[in-house]
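One-letter residues, chain by chain:
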2 protein chains.
Amino acid sequence: MTAPNRATLWGRVLADELAKSGLEAVCLAPGSRSTPLTVAFAEHDGIDVYSHLDERSAAFFALGRARRTGEPTALVCTSGTAAANFHPAVMEADRARVPLLVLTADRPSELRDSGANQTVDQVKLYGDAVRWYTELPEPEADERKVRSLRTTAARALAETGGVPPGPVHVNCPFRKPLEPIEVPGDVPDDFTETTAGQGRDGPFVETASGRQTPAEADRDRLAAALADADRPLLVAGPADPTTLADLEPAAVAELAERLDAPIMADPLSGLRFGPHVDRENENSLPRTIYGGYDTYVGQLPPPDVVLRFGASPTSKPLRHWLRDADARQFLVDPPGEWREATFTATDLLAADPTAVVDGLLEALPDGDGRSETDRSWRERVEAAERRHWAIRDEALAADALETDPFEGAVLTEVFANAPDLATVFVSNSMPIRDADRFARPRAAELTVLANRGASGIDGITSTALGAGSTTDEPLVLVTGDLAFYHDSNGLLALERCGVDATIVLLDNDGGGIFHELPIEEFEPPFTDQFKTPHGLDFSALEDVYDLAFERVAPADFAAAYRRSLETPGTQVLSVGFDSEASHRRRDELADRVTDAVATDLEYDA
Amino acid sequence: MTAPNRATLWGRVLADELAKSGLEAVCLAPGSRSTPLTVAFAEHDGIDVYSHLDERSAAFFALGRARRTGEPTALVCTSGTAAANFHPAVMEADRARVPLLVLTADRPSELRDSGANQTVDQVKLYGDAVRWYTELPEPEADERKVRSLRTTAARALAETGGVPPGPVHVNCPFRKPLEPIEVPGDVPDDFTETTAGQGRDGPFVETASGRQTPAEADRDRLAAALADADRPLLVAGPADPTTLADLEPAAVAELAERLDAPIMADPLSGLRFGPHVDRENENSLPRTIYGGYDTYVGQLPPPDVVLRFGASPTSKPLRHWLRDADARQFLVDPPGEWREATFTATDLLAADPTAVVDGLLEALPDGDGRSETDRSWRERVEAAERRHWAIRDEALAADALETDPFEGAVLTEVFANAPDLATVFVSNSMPIRDADRFARPRAAELTVLANRGASGIDGITSTALGAGSTTDEPLVLVTGDLAFYHDSNGLLALERCGVDATIVLLDNDGGGIFHELPIEEFEPPFTDQFKTPHGLDFSALEDVYDLAFERVAPADFAAAYRRSLETPGTQVLSVGFDSEASHRRRDELADRVTDAVATDLEYDA
């Protein structure tokens, strides 16, 4: 069907080519200038369309979807400030390496900087935060231009999935008419859109990327260092779609077993949960996968050879322990980005983690080459890990929760009883830190996500719902009151995008994290400018959005949580805490573990 | 008092110098990296501090305050996505020429692009949208560096008020400790902060700017053209702090009287309302100041000489009439920015409008040099204006409102009965267009504001509340449901920043403006992707924020509005409309005026 005018033609070709190149979903915000894109995506059968009214939330929703699937998600907005509202999510996509295709409608060149309405400078709007910026030529029924458009579409999508993946910005100028109105002669009746040549269907350009395999010499150097180590350690930091997503956890676990090395697995690494978390029986600790290190790592002797994947770990004690260890530290990162804020790496290997692990399994001896002395290294870590969880279990028994309500207990419960096959999204600030400390490794398949690229508390709800929109698994979001307020607009997606969630709201009325910082001692301005209690009563939101709001006492949380997981629709479980008391309790618990582990190790030595 | 460490010293010097240079207010969002700035502003007696929890709303609030006062307002945030949340307001401040000083905390250089937490590339984050970008040196108790810091502070503030005014971005790296903790030796006991020299108090550098006065020859050329014109016209577009704010409306009115020229005054020009709107008696129309042109301008003969101040007018019929007139068109704009989306100007004069008007009053003959034929030009415009308002009055009588509820009637009432001395903030999309059509010129002092730089519907509530925070006048906000949803977070400022408002919410459940565009005819995707009805029930927000929510029938609006203006606190008056019906009624009314004016003119001729 011939397009009624050139703008419609442009939108259709772009949507068609993106779909053929693999785009499956787009988030749209309403606007006029973007009409050709909106119309084209809305009429395309192969692309799921999500409609949002706040561009900031739209962008985070797209980010969440792309984060969960590893597949690019597109975003469309009209010209002007709408595009700037995408900026926070673009920034997070950049740092977190999430594939995002941003399509901003724009005025044609003669209207730019002319005083025209809703016209701003959108050229390179996101600076260096995008992998690629380009501007489409103005629409025209011209064979060469259409070829160029199809090529640009294919390339833009491919660039979102490059090494590293990330956001791409395509600025799209359109002139009126923007609507699919017949403009005689604008697209000649005999105009045939160029599509994939060579008689094949599919994309105009098939794109494929090789995998970065380490050279044999580099692999052998790494294998030799690990094999010779007395205290080898694997550290799996937060994963992104490049580093760990297609890494076979069982292969890493096997490598660790082979080396008899502990794996310290960040809750966001993709390794702390899953069938590879091998247990001899239900009550034992997994061998090799460890999650309690935040409290005890400082008591351990330092590793001598470290192999690290993923981003910088969430745990500050772990980062500092690694920094202070006089160890050979190998960092594997496909784009070789030196994500090394503690500057501890001695060797950087720009290669695919899967290729590295597979190579090591080939190169390392199958049997156990370790001495008894060596073996005790992992056993000591395991003993500390056991001690950690034993003290936690005792402290967080239900009766303790009644007398000493504490945010960590909620995180413990969230992870311990999330269904096998679930997506758990954790907000920044305290929730992710408590997840790190209280989420015990389990054999359940939990996909744990957070916005740890730039670690903002904006857009948390939208990102979580975007992640949840792509799967039938239960979705659990753990968030704080400031993040919940910040993105309350994101709750509109519950109904508009058909997502259900269990939202665990840790409401401590302000920024509890500031109790962990020295500013706590300075009053004023501590309360007014840092803790910022707001007294917001979120319960009324159940009359605005598609959710049920329930205030839950800490002691009743476990029951309410399990009930919510069985209940259709969205429940917000709001658990009130005194952040200062939680902070004291967190410290006290950490001290108990630290002391116990120190005593154990002394006894060992 | 010696600062306990260098970061504290830095914050204190910066706040001190900004205050001495004239900064009166700052909007703070909580964060850790920005601690030295937050502490310094909070402890400074001379600077008002507004605390916000959503950086996007914070930035729009600061924008509103700066817009209302013409004085720079500062903004502080922590590192990371927080800074990107400022972007939409920075964009608006750029296009609307509003002085805004953005202070973003950042990590020190060695932590940038290192994988450090909450660290993004903040260098030139807002691109060309700022008048000046600079980065502070790292804090140090060094005399030369402190001199440089004071100079930078003075300059940054001065740049916000340059020609044109606008946003300035100062990136501020800090390293730990960020809190005012004693660091022995960090700031020597004998370290004396450099302050203003020469034994004077006040700012380190006094800054002053000259006024752009037109050369005599240019002024005379303009005066001659106007004096010789048969159909001279003054057009006052939307004002910004440069173009019209310090222009004496009475002087412009006198110029128009002298030329016997109509002034077509945009509702945002600062000229449609005020004592200069001279009336012979309360019921007569003002001479020279006209506001109803949107409906009748197309029926008038074209002007032959036009003098235009301010931005491009809101009214599209006016813009098109000017474009199609074969006229000499003088555009006065201090920075000479060619804000000419219709490309109609024949002469651009980069000069201060006040200087131009004063110069013209000097140059033009005092008496009336016009023939009777010439005079009829203004009288014909006046007749059309009278006809416009007569038809409006008849159509909007209370009984008509009961049978034909219509959004324009609300705007009519809002402006007709806003108290003398009030601030009226009007949202983009339909409200500003209806304000243009239905706000009748009055002698009352109404400050009418909108975000017409980039014309977004984001941040409307916050901008209005920021404007209201600086005055004891009543504040009226007219907004639509999409804009109200978009910035619902901004409502937190009602309590946190102590602002009261009458919020008129025109709730037509979605984007009513799309009924005015050709996309209305394309279903799908019209309803789902453009009109986007959401069914949100905003009434529950009265349980979240400090406001009373009232649903008002169109026929009861006038009474409810007047009641609200007398009532302390904030009332949201939600008036439901069918946007499609409003659109039809708007068209029908415009047609009636157009027909009547066409008939009048025919009869005249």
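What counts and what doesn't
- Every residue gets a number counted from 1 within its own chain, in the order that chain's sequence is written.
- All chains are assigned letters beginning at A, and all ligands numbers beginning at 1, according to the order in which they are written.
- Under the rules for a predicted model, residues below a pLDDT of 70 receive no local features and side-chain atom pairs below 80 are neither given nor counted, while totals for whole chains, interfaces and linings still include all residues.
- Each side-chain value is worked out from all heavy atoms of the structure, with water and hydrogens disregarded.
- The contact criterion used is simple: two residues touch if any of their non-hydrogen atoms lie within 4.5 Å.
- Buried surface area refers to the total accessible area, computed with a probe of radius 1.4 Å, that the two partners give up upon joining, counted for both partners together.
- For salt bridges, the criterion is a side-chain nitrogen of Lys or Arg within 4 Å of an Asp or Glu carboxyl oxygen.
- Polar contacts here mean pairs of N or O atoms no more than 3.5 Å apart (in protein, one a potential hydrogen donor and the other a potential acceptor; neighbouring residues in sequence count only if both atoms are side-chain atoms).
- Only runs of H or I of at least four residues qualify as helices and only runs of E of at least two qualify as strands under DSSP, and these elements are numbered from the N terminus.
- For this classification, the nonpolar set comprises Ala, Val, Leu, Ile, Met, Phe, Trp, Tyr, Cys and Pro, the charged set comprises Asp, Glu, Lys and Arg, and every other residue, Gly included, is treated as polar.
- Residue ranges labeled as domains rest on an automatic or database domain assignment.
- Between buried and exposed lies partly exposed: a residue is buried under 20% and exposed over 50% of the maximum accessible area for its type, with that area taken using a 1.4 Å probe on protein chains only.
- The rule for a disulfide is simple: a pair of cysteine sulfur atoms within 2.5 Å.
- We call two strands paired when DSSP finds no fewer than two bridges between them.
- The axes used here are C-alpha line fits, helices contributing only the stretch in contact, and every angle between their N-to-C directions lies in the interval 0 to 180 degrees.
- Here the copies were fitted onto each other by least squares, based on C-alpha atoms from residues at pLDDT of at least 70 in both.

## Details of the interface of chain A and chain B
Stage number 1. Each side of the interface is counted separately: chain A has 78 residues, and chain B has 79 residues.
Stage number 2. In this assembly, chain A packs against chain B so that about 6,500 Å² is buried in total across both faces, 60% of it on carbon and sulfur atoms.
Stage number 3. On the chain A side of the contact with chain B, Thr81, Tyr485 and Gln529 of chain A bury the most area, a combined 10% of that side's loss.
Stage number 4. Remark: the boundary between chain A and chain B carries four salt bridges.
Stage number 5. Close ionic contact of aspartate 113 of chain A with arginine 95 of chain B constitutes a salt bridge, the shortest N to O distance being 3.3 Å.
Stage number 6. Seen at the junction of chain A and chain B, the total is 27 residue pairs in polar contact (both at pLDDT 80 or more).
Stage number 7. If you list the elements that add at least two residues to the side of chain A that touches chain B, you get helix H2 (35-43), strand S2 (48-51), helix H3 (55-69), helix H4 (81-85), helix H5 (87-96), helix H17 (481-486), helix H18 (492-496) and helix H19 (526-531) of chain A.
Stage number 8. Partitioned by chemical class, the residues of the side of chain A that touches chain B number 35 nonpolar, 23 polar and 20 charged.

## Brief notes about the domain arrangement of chain A
The accessible area lost on association of the parts is a frequent measure of interface size.
All names here are of chain A.
Stage number 1. Domain assignment breaks chain A into domain 1 (6-176), domain 2 (216-379) and domain 3 (396-590).
Stage number 2. Once you take the C-alpha centre of each, domain 2 and domain 3 turn out to be 29 Å apart.
Stage number 3. Taken together, the contact between domain 2 and domain 3 spans 19 residues of the former and 18 residues of the latter.
Stage number 4. It is Leu268, Phe273 and Thr314 that lose the most area in domain 2 upon contact with domain 3, and together they represent 38% of the buried surface on that side.
Stage number 5. Linking domain 2 to domain 3 there are two salt bridges.
Stage number 6. One salt bridge in this structure joins aspartate 436 and arginine 272, with 2.9 Å as the shortest N-O distance.
Stage number 7. Here domain 2 and domain 3 share eight residue pairs in polar contact (both at pLDDT 80 or more) between them.
Stage number 8. Among the secondary structure elements, those contributing two or more residues to the side of domain 2 that touches domain 3 are strand S9 (289-290) and helix H9 (293-296).
Stage number 9. The element contributing the most residues to the side of domain 2 that touches domain 3 is H9, with three residues.

## What about the pattern of salt bridges?
Stage number 1. Counted by the stated rule, this structure contains 102 salt bridges over all chains.
Stage number 2. Ionic pairing is found between aspartate 333 of chain A and arginine 339 of chain A, a salt bridge with its closest N-O pair at 3.8 Å. One exposure class covers both aspartate 333 of chain A and arginine 339 of chain A, and it is buried.
Stage number 3. Between arginine 12 of chain B and glutamate 43 of chain B there is a salt bridge, and its shortest N-O distance comes to 2.9 Å. Highlighted residues: arginine 12 of chain B in helix H1 (residues 6-20) and glutamate 43 of chain B in helix H2 (residues 35-43), separated in sequence by 31 residues.
Stage number 4. Residue classification places arginine 12 of chain B among the buried residues on the basis of a relative accessible area of 16%.
Stage number 5. With relative accessibility at 42%, the residue glutamate 43 of chain B sits in the partly exposed group.

## Comments concerning the state of the cysteines
By definition, a disulfide links the sulfur atoms of two cysteines through a covalent bond.
Residue and element names in this part refer to chain A.
Stage number 1. By the definition in use, this model includes zero disulfides over all chains.
Stage number 2. Cysteine 77 carries a free sulfur, and the closest cysteine sulfur to it, the one in cysteine 172, is 9.4 Å from it.
Stage number 3. Residue cysteine 77 is classed as buried on the basis of its relative accessible area, which comes to 0%.

## Quick word on the sheet that holds strand S7 (residues 232-236) of chain B
Residues and elements named next belong to chain B.
Stage number 1. Read across the sheet, six strands follow the order S9-S8-S7-S10-S11-S12 without closing on themselves; strand pairing throughout is parallel. At either end of the open sheet lies a strand with only one pairing partner, and these are strand S9 (289-290) and strand S12 (347-349).
Stage number 2. The pairing of strand S10 (residues 305-309) with strand S11 (residues 328-332) spans five bridges and is parallel. Residue pairing in the sheet places phenylalanine 309 in a bridge with valine 332 of S11.
Stage number 3. The strands touched by helix H11 (residues 353-363) are S10, S11 and S12; relative to S10, the strand with the most contacts, the crossing angle is about 140 degrees.

## Regarding the relation of the copies chain A and chain B
Stage number 1. Aligned on chain B, chain A shows an RMSD of 0.0 Å; the corresponding rotation is 180 degrees and the shift along the axis is 0.0 Å. On this basis, the relationship between the two copies can be described by a two-fold rotation axis. Minimal C-alpha separation from the rotation axis in chain A is found for alanine 540 of chain A, amounting to 2.8 Å.
Stage number 2. A high fraction, 100%, of the interface residues of chain A reappear at the interface in chain B, so the copies pair face to face through one surface.

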